[in-house]
Amino acid sequence: MPVSIKSAREIELMREAGRILANVHKQLGEALKPGMSTMDIDRMGEKLIRGYGCIPSFKNYNGYPASICVSVNDEVVHGIPNRHHILREGDIVSLDAGVIYHGYHSDAARTHAVGTVSPQAQKLIQVTRECFFEGIKYARSGNHLNDISSAIQKYAESFGYGVVRDLVGHGIGTHLHEDPEVPNFAQDKKGIRLRPGMTLAIEPMINAGRADVVWMDDDWTVVTDDGTLSAHYENTILITEGDPEILSLP
Ligand code: MF3
Ligand code: CO
């Protein structure tokens, strides 16, 4: 599929979707505490999303059974909320959420510390967030997609971290996943040329150890192969004539 260029009207709807999602993440982040179950987070997230008049886009997407992906410690992404999985002080937890507002999607993820975590865990969370901001420096009209991908990889690997290869970011709009794919690692080709009106979900998934991941028996939860911690940070962004706009931040 060709990469879609959003109209002014579509961009306005995606801005509102992003604003709502930013609020959902803010409230989930503030509510997070030891003793909560990962299911509690999903329940709260779904209620918040629907309260804003949105649809949780992940629910039933390819059969995914929840509204929020909750991935703890060595879980990379797509953790399935479970009422028996209780968060404990020292855990790190990645929350990935998507909303649909008047037919337009926004997708964003944050990794949080539960109470006090190890300095190593805190560093991983921080660097993963910084990876996104390294990438977005290159999210400018006239640049190529690979400029974003290689900047993220270079930054993550400078800390000795593993950049997940098996999952990538994506275009986003009337569908959660649109072209192009947005890898977090360098490609042989430059990729498409970025143009104003393109909307992308840029989402580094970074492992404290090796890059390899495996799928668990539930066919959803992705975990690091070597058991090390993993963090995820994602925003939906808009390419403009000038600086990129981060739609899913306040
Ligand atoms: N942020 C994830 C992605 O971009 C969310 C998809 S999870 C699913 O792929 F549950 F919806 F599949
Ligand atoms: Co995404």
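Look up: the structure comes first, before these words.
Let us look at the structure shown here. (Residues numbered from 1 in each chain as written. Chains lettered and ligands numbered in written order. Predicted model: local features only at pLDDT ≥ 70, side-chain atom pairs only at ≥ 80, totals over all residues. Heavy atoms only, no water.)

### A few points about the site of ligand 1
Here is step 1 of the chain: Inspection of the region around ligand 1 gives Phe58, Tyr61, Tyr64, Cys69, His78, Asp96, Asp107, His170, His177, Glu203, Trp220 and Glu234 as its neighbouring residues.
Here is step 2 of the chain: At 3.2 Å, a side-chain N or O of Glu234 approaches a nitrogen atom of ligand 1.
Here is step 3 of the chain: For ligand 1, whose free accessible area comes to 330 Å², the fraction covered by protein is 95%.
Here is step 4 of the chain: Residues of the shell around ligand 1, tallied by class, amount to 5 nonpolar, 3 polar and 4 charged. (Near = heavy atom within 4 Å. Polar contact = N/O pair within 3.5 Å; in protein donor to acceptor, adjacent residues only side chain to side chain. Areas by Shrake-Rupley, 256 points an atom, 1.4 Å probe, with all protein chains shown as cover. Nonpolar A, V, L, I, M, F, W, Y, C, P; charged D, E, K, R; others polar.)

### Here we look at the coordination of the cobalt ion (ligand 2)
Here is step 1 of the chain: For the cobalt ion (ligand 2), the full set of protein donor atoms is Asp107 (OD), His170 (NE2), Glu203 (OE) and Glu234 (OE), and the range of their distances to it is 2.1 to 2.2 Å.
Here is step 2 of the chain: Geometry at the cobalt ion (ligand 2) is irregular, judged from its 6 donor atoms and the angles of 62 to 170° they form at the metal.
Here is step 3 of the chain: Motif for the cobalt ion (ligand 2), donor spacing along one chain: D-x62-H-x32-E-x30-E. Of this pair, His170 sits in strand E7 (residues 169-171) while Glu234 sits in the loop between strand E13 (230-232) and strand E14 (235-238), and the two are 64 residues apart along the sequence. (Donors = N, O, S within 2.8 Å, 3.2 Å for Na, K, Ca; no water. Tetrahedral: all angles 85-135°; square planar, octahedral: opposite > 155°, others 65-115°. Helix = DSSP H or I, 4+ residues; strand = E, 2+ residues; numbered from the N terminus.)

### Overview of the side chain of Asn207
Here is step 1 of the chain: Structurally, Asn207 can be placed in strand E10 (residues 205-207).
Here is step 2 of the chain: Reaching out from Asn207, the side chain makes a polar contact with the backbone oxygen of Ala211 at a distance of 3.4 Å.
Here is step 3 of the chain: Not counting residues up to four positions away in its chain, the partners in contact with Asn207 are Val76, Leu124, Tyr161, Gly162, Val164, Asp212, Val213, Thr224, Thr228, Leu229 and Ser230. (Contact = heavy atoms within 4.5 Å.)

### Here we look at the packing of aromatic side chains
Here is step 1 of the chain: Scanning the entire structure with this criterion turns up 6 aromatic pairs.
Here is step 2 of the chain: Consider the rings of Phe132 and Tyr233, whose centres lie 5.5 Å apart with planes at 65°: the pair is edge-to-face. Placement of Phe132 in helix H3 (residues 119-136) and of Tyr233 in the loop between E13 and E14 is noted, with a sequence separation of 101 residues between them. In terms of burial, Phe132 and Tyr233 fall into one category: buried.
Here is step 3 of the chain: Measuring from centroid to centroid gives 6.1 Å for Phe159 and Tyr161, while their planes differ by 20°, and the two rings are stacked.
Here is step 4 of the chain: Residue classification places Phe159 among the partly exposed residues on the basis of a relative accessible area of 31%.
Here is step 5 of the chain: A network of ring pairs unites the aromatic residues Phe132, Phe133 and Tyr233 as a single cluster. (Phe/Tyr/Trp six-rings, centres within 6.5 Å; stacked < 30°, edge-to-face > 60°. Buried < 20%, exposed > 50% of the residue type's maximum accessible area, 1.4 Å probe, protein only.)

### With respect to the packing of H3 against helix H4 (residues 145-157)
Axes are the key here: two packed helices are described by the angle between their axes and the distance separating the axes.
Here is step 1 of the chain: At their nearest, the axes of H3 and H4 sit 8 Å apart, and the two run at 150° to each other. Taken as axis vectors, H3 and H4 run roughly antiparallel relative to one another. The handedness of the crossing between H3 and H4 is right-handed. In contact with Val127, Glu130, Cys131, Glu134 and Gly135 of H3, H4 contributes Ile148, Ala151, Ile152, Tyr155 and Ala156.
Here is step 2 of the chain: In terms of residue class, the contact of H3 with H4 is built from 7 nonpolar, 1 polar and 2 charged. (Axes fitted to C-alpha atoms, helices over the stretch in contact; angles between N-to-C directions. Parallel < 35°, antiparallel > 145°, perpendicular 65-115°, else oblique. Left-handed = near helix turned anticlockwise from the far one by under 90°.)

### Re unusual backbone geometry
Here is step 1 of the chain: With an omega of 0°, the peptide bond between Asp179 and Pro180 qualifies as cis.
Here is step 2 of the chain: The topology assignment puts Pro180 in strand E8 (residues 178-182).
Here is step 3 of the chain: Even without a glycine there, the phi angle at Asn73 is positive, about 55°.

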